[in-house]
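# Report on the structure
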Amino acid sequence: MSYDKIFKGKRGDEKFYLGNEAIVRGALESGIDVYTYYPGTPSSEVGETFMEIFKEVGMKWVERSINEKVAIEVAGAAYARGATVMVGMKNVGLNVASDPLFALATTRPKNKNSAMVILVADDPQQHSSAVEMDSRYFLKIFKIPALEPSNPQECLEFTKEAFKISRELKLPVILRTVTMISHARSNVIVGEIKPSGIRDDFNLSKEVNVALRLYFLELKEEHIYNRLNQALEISENSPLNKIENENIKNKFDLGIITSGVSYSYVGDTLDFLELEAPILKIGFINPLPERKIVVFLKQFKQIFVIEENDTYLETQILAIAHKNSLNVKIHGKDPFSYSKENKLLSIVGELNPTKIALALMKITDIKPKIDLNQISKKKYDTLARNPIMCPGCPHRTTGYALQKAIKKIKLISGKNIYFYQDIGCYTLLAFPPFSFANVKYCMGSSIALAQGVAQTSESFNIAIIGDGTFFHSGIPALLNGIYNKTPILVLILDNGWIGMTGQQPHPGSDTRYYKEGSSKKAINLEEFLNGTGANVNVIKHYENNDNEYFLKLSKLIYEKSLDVINNKNLHVIIIKDECIQKTIKRQAPVLRYIDNELCNNCGICYRKFLCPAIDISEELVYIDQNLCLGCGICEMICPNKAIHREEL
């Protein structure tokens, strides 16, 4: 249980924590009152842990907000009234939260206990994100302090330091992690849990909390020239910025500046190359400690700046060197060049010790015993495959039904048909054999994307969006389409949960099936949409013995598509088919088997429907009983009636 793992334990105890779990512990040791978040990998575990334990540990409030903007606003008001709050999101979530955060960063709560930390988890290499994005550039816009841990122990310690800085300066502080820190595991020494310091009497003076011209410019000036200036002094003297191997010299007159997960890579790289070098490890990444950096730069002829993602540190270090007239060669990713061939390190994708070692070899001419160039260029004959939906995923059924309907629509209408994708498990419908994606940008954009083409061409346009994403940011775009009478078809794939990040609930989820559901009120999506005046149809698939479901779904898509084309209407189809990972937790799957006497190996089930539980061996098609989750769609689509229920 998370409560025992996270909450129990006295000062000095050693725990084996995920980086995200260490952040939770650090927040509890800071007296946290409120945590709000929107689930997004790699930050999700922080919110899920708080959601599980917050009542037991005595926190005031935890919520899985409808989106990151709302999360910032809910926590921001609690912060203004004197609470110790934290907000969690992934990198792209900061884009959504940025609007209120611009104003919030300038306010100055008058309550002693007010403190706010914003956890932002970046995803280099785009492991589970729509884009690879470096959130650090927001720091220069918001003008707020930021810390970056490099291991789970620092996740705990830096979280506590972030709350301490925020409470002192009355500024939000960003805690920036990356995937390989959030999801790293190591032993962590814990401190003492701190009780809440929130008070029932508080001051919400408009003079320091209202982003209005009457107050804002004065607050902004005070923010920059007072509190941010104090943050700079804290950064200059902070132990989070430290020099390691300070007295070591090397024949290359080389020093290294790094931060975050790159610091761990640097240690492995130097050991491999048998190279010793002083390292300036920067944990306080905004504002940077200029004086400390200048002192470090003066000691060397060469500096290698190593950082994950973009050239955030390097650009500022180049500026600091120029400002202080320092004659030092600074190597790195070169922010002023976009030539891939001339860069020591790429600004695209994750770093690793091999990439850093190859770069250091160019700077130093060190030749290790192992040929890293040969290793890095080696192409391994590994089995490549596209990401694939779970066996039994309802979105596969929707994709197959849509595929059948589209063939008929094209034949009848002669229209070009385009598909606009969103962020969720159903995004995988972009891959063959379905290939339902022409444009995809970000959370909630599919419906507006479809409108942009529908309003400027005679094509037929279909937006595909999930229920969680629709609640997150799809509603305004749908209202825009209804208002402008845009002829598009909107498919809301309602699987009941936020499937991609771990089946978390959202406002439309069935409150019977999650722990905190008893304190929530579910929003009926059909009733909500009927209130907008949209043309809405709902189709449900809740029972495995509904042998007409697939045909009904394909027919409904076909009919409503023709109505959109012929009558220039906007139609919404809600396809209610629960995430299979949630269904199987409540009911045992009804497995299927293949009668090989009836099967003629047409390939529909495993090649066109692409069920991962169905395969072929020695020309015989079979269902892997270890993978089958009993959705039953294969039984519906088999033209030879060769798939049957497993006899009990």
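From a predicted model like this one, the values you see are computed outputs, not experimental measurements.

Thresholds, definitions, all that
- Residues numbered from 1 in each chain as written.
- Predicted model: local features only at pLDDT ≥ 70, side-chain atom pairs only at ≥ 80, totals over all residues.
- Heavy atoms only, no water.
- Salt bridge = Lys/Arg side-chain N within 4 Å of Asp/Glu carboxyl O.
- Helix = DSSP H or I, 4+ residues; strand = E, 2+ residues; numbered from the N terminus.
- Phe/Tyr/Trp six-rings, centres within 6.5 Å; stacked < 30°, edge-to-face > 60°.
- Buried < 20%, exposed > 50% of the residue type's maximum accessible area, 1.4 Å probe, protein only.
- Lys NZ or Arg CZ within 6 Å of the ring centre and 35° of its normal.
- Domains from an automatic or database assignment.
- Contact = heavy atoms within 4.5 Å.
- Buried area = accessible area lost by both parts, 1.4 Å probe.
- Core = buried A, V, L, I, M, F, W, Y, C linked by side-chain atoms within 4.5 Å.
- Arc of directions from axis to C-beta.
- Patch = residues over 30% accessible without salt bridge, like charges linked within 9 Å, V, L, I, M, F, W, Y side chains within 5 Å.
- Areas by Shrake-Rupley, 256 points an atom, 1.4 Å probe, with all protein chains shown as cover.
- Pairing = 2+ DSSP bridges.
- Axes fitted to C-alpha atoms, helices over the stretch in contact; angles between N-to-C directions.
- Left-handed = near helix turned anticlockwise from the far one by under 90°.
- Nonpolar A, V, L, I, M, F, W, Y, C, P; charged D, E, K, R; others polar.
- Polar contact = N/O pair within 3.5 Å; in protein donor to acceptor, adjacent residues only side chain to side chain.
- Lys, Arg positive; Asp, Glu negative; His and termini not counted.

## With respect to the pattern of salt bridges
In this structure the tally under the stated criterion is 30 salt bridges. A salt bridge links E48 to R64, with the nearest nitrogen and oxygen atoms 3.4 Å apart. Of this pair, E48 sits in helix α3 (residues 44-57) while R64 sits in strand β3 (residues 61-64), and the two are 16 residues apart along the sequence. For R108, the salt bridge identified is with E222, shortest N-O distance 3.5 Å. Here R108, found in the loop between α5 (91-104) and β5 (115-122), pairs with E222, found in helix α10 (residues 213-237); they are 114 residues apart in sequence, far enough to count as distant. Here the salt bridges do not stand alone but share partners, grouping D122, D134, R136, E148, R176 and E307 into one network.

## Remarks on the packing of aromatic side chains
A ring pair, where both rings are aromatic, is described by two values, the distance of the centres and the angle of the planes. Tallied over the entire structure, the rule returns 14 aromatic pairs. On the basis of an interplanar angle of 40° and a centroid distance of 5.6 Å, the ring pair of Y35 and Y37 is categorised as tilted. Judged by its relative accessible area of 0%, Y35 falls in the buried class. Take Y37: its relative accessible area is 1%, and that puts it in the buried class. A network of ring pairs unites the aromatic residues Y35, Y37 and F50 as a single cluster. The ring of W497 carries the charged tip of K582 above its face, separated from the ring centre by 4.2 Å.

## Observations regarding the domain arrangement of the protein chain
For the protein chain, the assigned domains are domain 1 (2-237), domain 2 (241-369), domain 3 (394-586) and domain 4 (592-645). Spacing between the C-alpha centres of domain 3 and domain 4 amounts to 27 Å. Counting residues at the interface gives 16 residues for domain 3, matched by 15 residues for domain 4. Taking both sides of the interface into account, the surface hidden between domain 3 and domain 4 amounts to around 1300 Å²; carbon and sulfur atoms contribute 65%.

## A short note on helix α17 (residues 446-454)
Buried residues of α17: S446, I447, L449, A450, Q451 and A454, and no others. Buried positions along α17 lie against β15 (417-420), β16 (460-466), α18 (467-483) and β17 (489-494).

## Some thoughts on unusual backbone geometry
Peptide bonds are trans in most cases, and residues, glycine excluded, mostly fall at negative phi. Between N286 and the following residue, P287, the backbone shows a cis peptide bond with an omega angle of -5°. The residue P287 is located in the loop between β12 (284-286) and α12 (290-297) in this model. Of the consecutive residues P432 and P433, the connecting peptide bond is found in the cis state with omega at 10°. Locating P433 in the fold gives a position in the loop between β15 and α17. Positive phi values are uncommon outside glycine, yet E618 reaches one of about 50°. Here E618 falls in the exposed class, since its relative accessible area comes to 76%.

## What to know about the nonpolar core
Counting 74 residues, the largest nonpolar core has I462 and V572 as its most contacted members. With 9 residues, helix α20 (residues 549-567) is the largest single contributor of residues to this core. Structurally, this core is a two-domain feature, drawing no fewer than three residues from each of domain 3 (394-586) and domain 4 (592-645). Every residue in contact with V572, bar those within four places of it in the chain, is listed here: L478, V490, I492, L529, A534, N535, V536 and N537. With 68 residues, the next largest nonpolar core counts L156, L169, I181 and L372 among its residues.

## Overview of α12
Listing the buried residues of α12 in full gives I293, V294, F296 and L297. Buried residues in α12, looked at end-on, bunch into an arc of 165°, giving them a common side. On its buried face, α12 is in contact with β9 (241-244), β10 (254-258), β11 (279-282), β13 (302-306) and α13 (312-323).

## Quick look at a nonpolar patch on the surface
Together, F272, I370, I375 and Y380 line one region of the surface with nonpolar side chains, adding up to about 390 Å² of accessible area. Note that Y380 resides in the loop between α15 (372-377) and α16 (394-413). On the basis of relative accessibility, which here comes to 56%, the residue Y380 falls in the exposed class.

## As for the sheet that holds β17
Taken together, 5 strands build an open sheet; the order of strands is β15-β16-β17-β19-β18 and the sheet is parallel. Whereas interior strands pair on both sides, the edge strands pair on one side only; in this sheet they are β15 and β18 (535-540). Pairwise comparison of adjacent strand axes, ignoring direction, gives a mean angle of 20° for this sheet. One ladder, built from 6 bridges, connects β18 with strand β19 (residues 571-576); its direction is parallel. Within β19, the residue paired with N537 across the bridge is I573. Across the face of the sheet, α16 comes into contact with β15, β16, β17 and β19 while running at roughly 155° to β15.

## A short note on the packing of helix α7 (residues 152-169) against α10
Between α7 and α10, the shortest axis-to-axis distance is 10 Å and the interhelical angle comes to 145°. With respect to the hand of their crossing, α7 and α10 are arranged in right-handed fashion. Within the contact between the two elements, α7 uses I165, E168 and L169 and α10 uses R227, Q230, A231 and I234. In the contact of α7 with α10, the residues fall into 4 nonpolar, 1 polar and 2 charged.

## As for the side chain of Q421
Counting through the fold element by element, Q421 comes out in the loop between β15 and α17. By relative accessible area, Q421 is classed as buried at 0%. Within the structure, the side chain of Q421 is placed 3.2 Å from the backbone oxygen of Y426, a separation counted as a polar contact.

## Quick look at the sheet that holds β5
If you walk across this open sheet you meet the 7 strands as β3-β2-β4-β5-β7-β6-β12, and the pairing is mixed. Edge positions in the sheet fall to β3 and β12, since each has one partner strand and no second. Note: strand β2 (residues 34-37) against strand β4 (residues 84-90), 4 bridges, orientation parallel. Following the sheet pairing, T36 is matched in β4 by V87. Where helix α4 (residues 68-80) meets the sheet, it contacts β2, β3, β4 and β5, and its direction lies at approximately 170° from that of β4.

## Some words on the side chain of D422
Among the structural elements, D422 can be located in the loop between β15 and α17. For the buried D422, no salt bridge exists, and the shortest N-O distance to an oppositely charged side chain is 8.1 Å, to K440. Not counting the four nearest positions on each side in its chain, D422 is found in contact with T427, K440, C442, M443, G444, S445, S446, I464, I465 and T469.

## Some remarks on the environment of L553
Take L553: it is sitting in helix α20. Here L553 falls in the buried class, since its relative accessible area comes to 0%. For the pair L553 and I633, spaced 80 residues apart in the sequence, the C-alpha separation amounts to 12 Å. Each residue touching L553, except ones within four places of it in the same chain, is listed here: T397, T398, A401, I539 and I575.

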